[in-house]
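Summary of structural features
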Amino acid sequence: MVKVGSRFDLRTNQAPDAPETEGFEGPKETHGWVHSYETGSTVDGPGVRVMLFMSGCFLRCQYCHNPDTWHLKDGTVIELSHAIKRLRDFAPALRAMGGGLTISGGEPLVQIGFTRGLFAAAKSMGLHTALDTSGFLGHRADDDYMKNVDLVLLDIKSGDPDTYRRVTGAELAPTLRFAERLNAMGKAVWVRFVLVPGLTDAPDNIRKVADFVAPMKNVEWVEVLPFHQMGAFKWKSLGLDYKLADTPTPTQDQVQAALEIFRAAGCRAR
């Protein structure tokens, strides 16, 4: 059974027989691999929310604070029926507090079948639903999937393709295509941008994100998230090369400068 706890708890090798994450198509609807869940979140969508953190991710972000969510084998196997039952226990309180369910990761779209089933169940309970995603696998989320998602928390990690590749090890274009599709659908979006000194903080890089997002009427907010070192211990514990060990948290002035770039382009930023 998945333990309630912080997204910052280190969890490894919970399901050693799980399939390899690379190339996983996620057809399973009866069960999934989950890192953890939290109750009481107030920053990952409107109201008070349950946060479910799925295992599995194809990106390798330099600033990732949960590298123990990269592989399915590090998650706990959970039956979809059990996840639905637990969510139903929370549903009356979540509805009363104007909240709902946010599925994050890792990358929720790695496990497309499981998250599809859980979002559908959440909507049947009258809950608000939010998908926290990099958008890299946005092509997996067809219109049937998206009809049960009220809000997308979209991480646009950089506006410059070379910077994005350096940050994530992947290409920027799939995320931008997904963002454009969400705009065409009129799907509510909060864009998230992590400000990392010396990596993503170049004004031109920020401006490219801002100029891309500003015309999109479906984007309700751009959130500038300051880089932090809270996940550094996981990199060390997992024997991974953490390139940002000496990178400081951005100052309030640096955060404010990034916000001003977004606002100058016409974005609502906070």
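Every value quoted in this text rests on a predicted model; they were computed, and no experiment measured them.

1. So, the UniProt feature "domain: Radical SAM core" (unreviewed entry) in the chain
When the UniProt feature table is mapped onto this chain numbering, "domain: Radical SAM core" (unreviewed entry) sits at residues 43–268. Structurally, residues 43–268 is divided into 38% helix and 19% strand, and its ends, taken at the C-alpha atoms, are 16 Å apart.

2. A closer look at helix 6 (residues 203–213)
What helix 6 keeps buried is the set Asn205, Ile206, Val209, Ala210, Phe212 and Val213. Along the long axis of helix 6, the arc covered by the buried residues comes to 165 degrees, so they all point the same way. Close packing links the buried residues of helix 6 with helix 4 (161–168), helix 5 (173–185), strand 7 (188–195), strand 8 (219–226) and helix 8 (252–265).

3. Some words on the pattern of salt bridges
If the charged atoms of two oppositely charged side chains come close together, the side chains can form a pair. Taken as a whole, this structure holds 18 salt bridges when the rule is applied. The residue Lys123 makes a salt bridge to Asp150 at a minimum N-O spacing of 2.8 Å. Placement of Lys123 in helix 2 (residues 112–124) and of Asp150 in the loop between helix 3 (143–146) and strand 6 (151–155) is noted, with a sequence separation of 27 residues between them. One salt bridge connects Asp144 with Lys147, and the closest N-O pair in it is separated by 3.1 Å. Connected via shared salt-bridge partners are Asp44, Asp132, Arg192, Glu223 and Arg270.

4. Some points on helix 5
Between its first and last C-alpha, helix 5 extends 18 Å over 13 residues, near the 18 Å set by a 1.5 Å rise per residue. What helix 5 keeps buried is the set Pro174, Thr175, Phe178, Ala179 and Leu182. Projection of helix 5 onto a plane perpendicular to its axis shows the buried side chains occupying an angular sector of 140 degrees, all on one side. Turned more than 90 degrees off the buried face of helix 5, the exposed positions are Arg177 and Ala184. Those residues of helix 5 that are buried lie in contact with strand 5 (128–133), helix 3, strand 6, helix 4, strand 7 and helix 6. Count one or two residues on from helix 5 and you reach Gly186, which has phi positive near 75 degrees.

5. Some details on the sheet that holds strand 4 (residues 100–104)
On the basis of which strands lie adjacent, the open sheet formed by eight strands has the order 3-1-2-4-5-6-7-8 and mixed pairing. Edge positions in the sheet fall to strand 3 (76–79) and strand 8, since each has one partner strand and no second. The mean angle between the axes of side-by-side strands here comes to 30 degrees, regardless of whether they run parallel or antiparallel. In the packing of helix 2 onto the sheet, contacts are made with strand 1 (31–41), strand 2 (49–54), strand 3, strand 4 and strand 5, and the angle to strand 4 comes to roughly 170 degrees. Across the face of the sheet, helix 6 comes into contact with strand 7 and strand 8 while running at roughly 175 degrees to strand 7.

6. Side note on the environment of Leu151
Counting through the fold element by element, Leu151 comes out in strand 6. For Leu151, a relative accessible area of 3% translates into the label buried. Along the backbone, Leu151 and Ser134 are 17 residues apart, and their C-alpha atoms lie at a distance of 14 Å. Sequence-distant contacts of Leu151, defined by excluding residues within four places in its chain, comprise Gly45, Pro46, His128, Thr129, Ala130, Leu131, Ala188, Val189 and Trp190.

7. Regarding unusual backbone geometry
A cis geometry characterises the amide bond from Gly105 onward to Gly106, with omega recorded as 15 degrees. By the element assignment, Gly106 lies in the loop between strand 4 and helix 2. If you check the backbone angles, Asn13 has positive phi at about 50 degrees while not being a glycine. Looking at the element boundaries, Asn13 is found in the segment before strand 1.

8. Topic: the side chain of Thr102
Along the polypeptide, Thr102 turns up in strand 4. The class of Thr102 is buried, set by a relative accessible area of 0%. Those residues in contact with Thr102, other than ones at most four positions away along the chain, are Asp44, Arg49, Val50, Met51, Leu52, Ala130, Asp132 and Leu153.

9. Quick notes on the pairing of strand 8
As paired strands, strand 7 and strand 8 are joined by seven bridges and run parallel to one another. Within the sheet, the bridge partner assigned to Arg192 lies in strand 8 and is Glu223. Taken together, strand 7, helix 6 and strand 8 constitute a β-α-β crossover, and its handedness is right-handed.

10. Brief notes about the environment of Leu94
The topology assignment puts Leu94 in helix 1 (residues 80–96). Considered as a pair, Leu94 and Phe136 are 42 residues apart in the sequence and their alpha carbons are 29 Å apart. Excluding anything up to four places from it in sequence, Leu94 contacts Val48, Arg49, Val50, Leu87, Gly99, Gly100 and Leu127.

Criteria and cut-off values
Residues numbered from 1 in each chain as written. Predicted model: local features only at pLDDT ≥ 70, side-chain atom pairs only at ≥ 80, totals over all residues. Heavy atoms only, no water. UniProt positions renumbered as here; feature names shortened; annotations may be inferred. Helix = DSSP H or I, 4+ residues; strand = E, 2+ residues; numbered from the N terminus. Buried < 20%, exposed > 50% of the residue type's maximum accessible area, 1.4 Å probe, protein only. Arc of directions from axis to C-beta. Contact = heavy atoms within 4.5 Å. Salt bridge = Lys/Arg side-chain N within 4 Å of Asp/Glu carboxyl O. Expected span 1.5 Å × (residues − 1). Pairing = 2+ DSSP bridges. Axes fitted to C-alpha atoms, helices over the stretch in contact; angles between N-to-C directions. Right-handed = clockwise from strand over helix to strand, strands pointing away.

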